[in-house]
Amino acid sequence: MAILRLGSKSEAFHREGNSWICTSGLPSDVNINIGEMSFQLHKFPLLSRSRLLRKLIEECPNGDGASFSLRLDDLPGGAIAFELISKFCYGVKIELNAQNVVSVRCAAEYLHMTDEYGKGNLISQTESFLNELLGNWADSIRALEACEEVMAHAEDLHIVSRCIDSLATKACADPCLFGWPLAGRKSNQSPETTSLWNGISTMTKTKPTSDNWWYEDVTFLSLPLYRRLILAIESRGMRPESIAASVVYYARRYLPLMNRQSSFDDANPGPNILNPSESGQRALLEEIVGLIPNKKGVTSTKFLIRLLRTAMVLHASPSCREILEKRVGSQLDQASLVDLLIPNMGHSETLYDIDCVQRILDHFFLEEQAAAVATPDNIVEEGQLTNESNSMAPMTTVARLIDGFLAEVAPDVNFKLPKFEALASSIPDYARQLDDGLYHAIDMYLKAHPWITDPEREQLCRLMNCQKLSLEASTHAAQNERLPLRVIVQVLFFEQLRLRKSISGWFFVSDNLENSANPSGNVGLKKDGSHHATDGEDDVTHRVSELEKDCSGMKEELRKLVKYKRSWKNFTRRLGFSKSQSCCSKRSKPSNLRAIPPSNVNR
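Please read these numbers as outputs of a predicted model, since none were measured by experiment.

As for the overall build of the chain
(1) Moving on: Looking only at helices and strands, one finds 26 helices and nine strands in the chain.
(2) Moving on: Burial status across the chain gives 43% buried among its 603 residues.
(3) Moving on: Once local pairs closer than 6 in sequence are excluded, the contacts in the chain between residues at least 24 apart make up 71%.
(4) Moving on: Summed over all atoms, the accessible surface of the chain reaches about 32800 Å², with 52% contributed by carbon and sulfur.

See the structure below:
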């Protein structure tokens, strides 16, 4: 820390209670009171340095030569600053540093201690020292912090703006170029890297400093000063990623709720944690939201959702929460399932805030639509054709995320069916490559809500597409007693169609392999004229046999399921089969389910 030493005389003041007394041997003739402190001094040293004190002393009637009193309660810096000023007037040794020079500079300006009242007066001395301090990062930080005590006077003297400009310039530059000392940091040097080259030591060289070297130092500033510093840094062209990282660092220091890991711990901070006032944290959070750069991806989605949770706990303004929801929605594809489990702070009975997730999802689709409109179809960028599938990646990711969220909140008995349907139907059908996640969520909901009616079950199951279920999901659905019978039949029907299509495909491949391997018609024959099966034919035969076994197993499951649900007679009558056309007769006949039009199955 830089230090300015003024004066040459030894200490001539001593304190008795709330009074400072000058021990020069002469009785004091002026008593200056500042708050609860009083200074018993002499008129001549004071009026020879300060125009204000000269004016006040001349205006006081003291014809009899008795001492008199003055009050300077409005003096910037108070009694601490005036103690240094009075010692300066007497020529006593004092030390000025980055922590006290601002208040002394403002007090000297208040007392009009210019060079007209003595060469090298206090204004010129402190002004020169301030210019020297602003060349150093750590001293500039301390000087800016000291401006808090005399903010109005420091603003008038442009000390605050000068400190901020100095810090912003240094933050945007490389600190290694100028060797600025960093407050509270150790040197990056290590003895192992010290070496000699042509007799010159490299010990003074330092390792490169990362871009976040200034984050911790600026967190000691108050919110108004920090905000002004961030705006000044942003105006100088610093990357939005660095500004966002600094804001995150600052928020985690002054918002204790941001550091909680559990979703429900956020709502109950605990009695052993000393937190700032709720109103102060609310104001701080709203200011921080305004400081985050409005650029997609510069701030992590996890941090934005934590900020949104904290805003709900602190009852921040609706506009603040809406901004956060929009920011989260613009990059929802980067969120995780745990992030979306936001505790419900409203009047709803559900455990998690379903409405908030719905609004975030709506903002996501609005962003996607705006991006699609901004890119006309007739403009094809380089690589767009080859990476066309990448444009669907965010939509597909969000679809899986919402399906997982529905499965997580489905066991909540207070989760109403209309909200489940609204959230599930918000995802377009093309965004789901498979409906396994949606099926799992529907199954969990049916399990937790056994009281819903059959029409409601069928309405809920219409959300999923039975043709987009995987083999595992179809197998599970075929044995799921919670599903309506119509849905189970659809699952089995589409699975049979899929098996038949697969079998036809394998036979088609087999014919092609045979024709390509035996163009003359006799390559596959042995010397004795017998047929020699190729590897491709053996593989196709094996796969066909496996598919036939799977088909037979599905027929058996269908027979058991129908027998469990209702009689065979009612089943055939509902599907429009005659008894002779049944696919489940005791004789081994191929199934006729493939001949049923889809409209009959739906009926």
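Picking up after the structure, the text goes on.
Quick look at the pattern of salt bridges
Note on pairing: side chains with opposite charge can pair once their charged atoms come close.
(1) Moving on: In this structure the tally under the stated criterion is 19 salt bridges.
(2) Moving on: Arg 105 is the partner of Glu 127 in a salt bridge, and the nearest nitrogen-oxygen pair spans 2.8 Å. Of this pair, Glu 127 sits in helix α5 (residues 122-133) while Arg 105 sits in helix α4 (residues 101-110), and the two are 22 residues apart along the sequence.
(3) Moving on: Take Arg 105: its relative accessible area is 8%, and that puts it in the buried class.
(4) Moving on: Between Arg 359 and Glu 325 there is a salt bridge, with the nearest N and O atoms lying 2.9 Å from each other. Of this pair, Arg 359 sits in helix α17 (residues 354-374) while Glu 325 sits in helix α15 (residues 318-330), placing them 34 residues apart in sequence.
(5) Moving on: We classify Arg 359 as partly exposed; its relative accessible area is 36%.

Remarks on the packing of helix α14 (residues 301-313) against α15
(1) Moving on: Packing of α14 against α15 brings their axes to within 9 Å, and their N-to-C directions diverge by 155°. When the interaxial angle is binned, α14 and α15 end up roughly antiparallel. Our pair here, α14 against α15, has a crossing hand that is left-handed. On the side of α14, the interface is formed by Thr 301, Leu 304, Ile 305, Leu 307, Leu 308, Ala 311 and Met 312, while α15 contributes Arg 321, Leu 324, Glu 325, Arg 327 and Val 328.

Overview of the packing of aromatic side chains
(1) Moving on: A complete count under the given rule lists eleven aromatic pairs for this structure.
(2) Moving on: With a centroid separation of 4.8 Å and an interplanar angle of 65°, the aromatic rings of Trp 137 and Trp 213 are classed as edge-to-face. Linking Trp 137 in helix α6 (residues 137-146) with Trp 213 in the loop between β9 (200-201) and α10 (215-218), this pair joins segments that are 76 residues apart in sequence. The burial state of Trp 137 is the same as that of Trp 213; both residues are buried.
(3) Moving on: Here Phe 420 and Tyr 445 contribute two aromatic rings whose centre-to-centre distance is 4.9 Å and whose plane-to-plane angle is 40°, an arrangement assigned as tilted. One end of the pair, Phe 420, is in helix α19 (residues 417-425); the other, Tyr 445, is in helix α20 (residues 436-448), and 25 residues separate them in sequence.

Analysis parameters
- Numbers given to residues run from 1 along each chain, matching the order in which its sequence is written.
- In keeping with the model being predicted, local features are shown solely for residues with a pLDDT of at least 70 and side-chain atom pairs are shown and tallied solely at 80 or more, while totals for entire chains, interfaces and linings include all residues.
- To get the side-chain values, all heavy atoms of the structure are used, and hydrogens and water are removed first.
- Helix and strand definitions follow DSSP, with helices as H or I runs of at least four residues and strands as E runs of at least two, each counted in order from the N terminus.
- Burial status follows relative accessibility: with a 1.4 Å probe on protein chains alone, a residue under 20% of its type maximum counts as buried, one over 50% as exposed, and anything between as partly exposed.
- The contact definition used throughout considers only heavy atoms, calling two residues in contact when any of these lie within 4.5 Å.
- Working definition of accessibility: Shrake-Rupley area with a 1.4 Å probe, residue cover restricted to the visible protein chains.
- Any Lys or Arg side-chain nitrogen found within 4 Å of a carboxyl oxygen on Asp or Glu counts as a salt bridge.
- Note on geometry: axes are C-alpha line fits, over the in-contact stretch for helices, and angles between N-to-C directions span 0 to 180 degrees.
- Working definition: roughly parallel below 35 degrees, roughly antiparallel above 145 degrees, roughly perpendicular at 65 to 115 degrees, and oblique for all remaining angles.
- When the near helix sits turned anticlockwise from the far one by under a right angle, the crossing is termed left-handed; a clockwise turn instead gives a right-handed crossing.
- Ring pairs shown here join Phe, Tyr and Trp side chains whose ring centres sit within 6.5 Å, with only the six-membered ring taken for Trp; geometry is labelled stacked below 30 degrees between planes, edge-to-face above 60, and tilted in between.

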